[in-house]
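Report on the structure
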Amino acid sequence: MGRLFEEHYIRKTESLDGSWKFSCDPLDCGKTEEWYNGIPYCETVVVPSVWNTQQGLLTYEGVCWYEKEF
């Protein structure tokens, strides 16, 4: 994904493209189970992408979590 503007010389930016941990949360329990401290069951997806193109998620509508260290 390319920028439509030049990067400002004072502000450093970092691309978030690449592999991310990903998990659907159909029971919406991630916040209660503190998934923000680490997703317990995940697969890897590439960002940017459309997550519901992954096998089995074409009709899924609900909460999903992404995780990446940077």
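Structure's up top.
Things to note about the overall build of the chain
When helices and strands are tallied, the chain shows zero helices and three strands. Ordered by position in the sequence, the α and β elements of the chain form the string β-β-β. In the chain, which comprises 70 residues, the share counted as buried stands at 20%. Long-range contacts, defined here as pairs at least 24 residues apart, represent 63% of the contacts in the chain between residues at least 6 apart.

Topic: the packing of aromatic side chains
Tallied over the entire structure, the rule returns three aromatic pairs. Between the aromatic rings of Trp-20 and Tyr-66, the centroid separation amounts to 6.2 Å while the plane-to-plane angle is 85°, which identifies the pairing as edge-to-face. Of the two residues, Trp-20 is situated in strand β1 (residues 18-25) and Tyr-66 in strand β3 (residues 63-67); the sequence distance between them amounts to 46 residues. Ring-pair connections join several aromatic residues into one group, and the members of that group are Trp-20, Phe-22 and Tyr-66.

Overview of the side chain of Ser-23
Along the chain, the position of Ser-23 falls in strand β1. At 2.8 Å, the side chain of Ser-23 forms a polar contact with the backbone oxygen of Tyr-41. Setting aside anything within four residues of it in sequence, one finds Ser-23 in contact with Trp-35, Ile-39, Tyr-41, Cys-42, Cys-64 and Trp-65.

Observations concerning the nonpolar core
If you look at the biggest cluster of nonpolar residues, it comprises seven residues: Trp-20, Phe-22, Cys-24, Val-45, Leu-57, Tyr-60 and Cys-64. When residues of this core are assigned to their parent elements, the largest contribution, three residues, is made by β1. Setting aside chain neighbours within four positions, we find Tyr-60 in contact with Cys-24, Asp-25, Pro-26 and Trp-51.

Considerations on the sheet that holds strand β2 (residues 43-47)
Overall, antiparallel pairing links the three strands, which are arranged β2-β1-β3 in an open sheet. Of all strands in the sheet, those with a lone pairing partner are β2 and β3, marking the two edges. For this sheet, the mean angle separating the axes of adjacent strands, direction not counted, is 45°. Relative to β2, β1 is paired through five bridges, and the arrangement is antiparallel. Paired with Trp-20 across the strands is Val-45, a residue of β2.

Parameters at a glance
Residues numbered from 1 in each chain as written. Predicted model: local features only at pLDDT ≥ 70, side-chain atom pairs only at ≥ 80, totals over all residues. Heavy atoms only, no water. Helix = DSSP H or I, 4+ residues; strand = E, 2+ residues; numbered from the N terminus. Buried < 20%, exposed > 50% of the residue type's maximum accessible area, 1.4 Å probe, protein only. Contact = heavy atoms within 4.5 Å. Phe/Tyr/Trp six-rings, centres within 6.5 Å; stacked < 30°, edge-to-face > 60°. Polar contact = N/O pair within 3.5 Å; in protein donor to acceptor, adjacent residues only side chain to side chain. Core = buried A, V, L, I, M, F, W, Y, C linked by side-chain atoms within 4.5 Å. Pairing = 2+ DSSP bridges. Axes fitted to C-alpha atoms, helices over the stretch in contact; angles between N-to-C directions.

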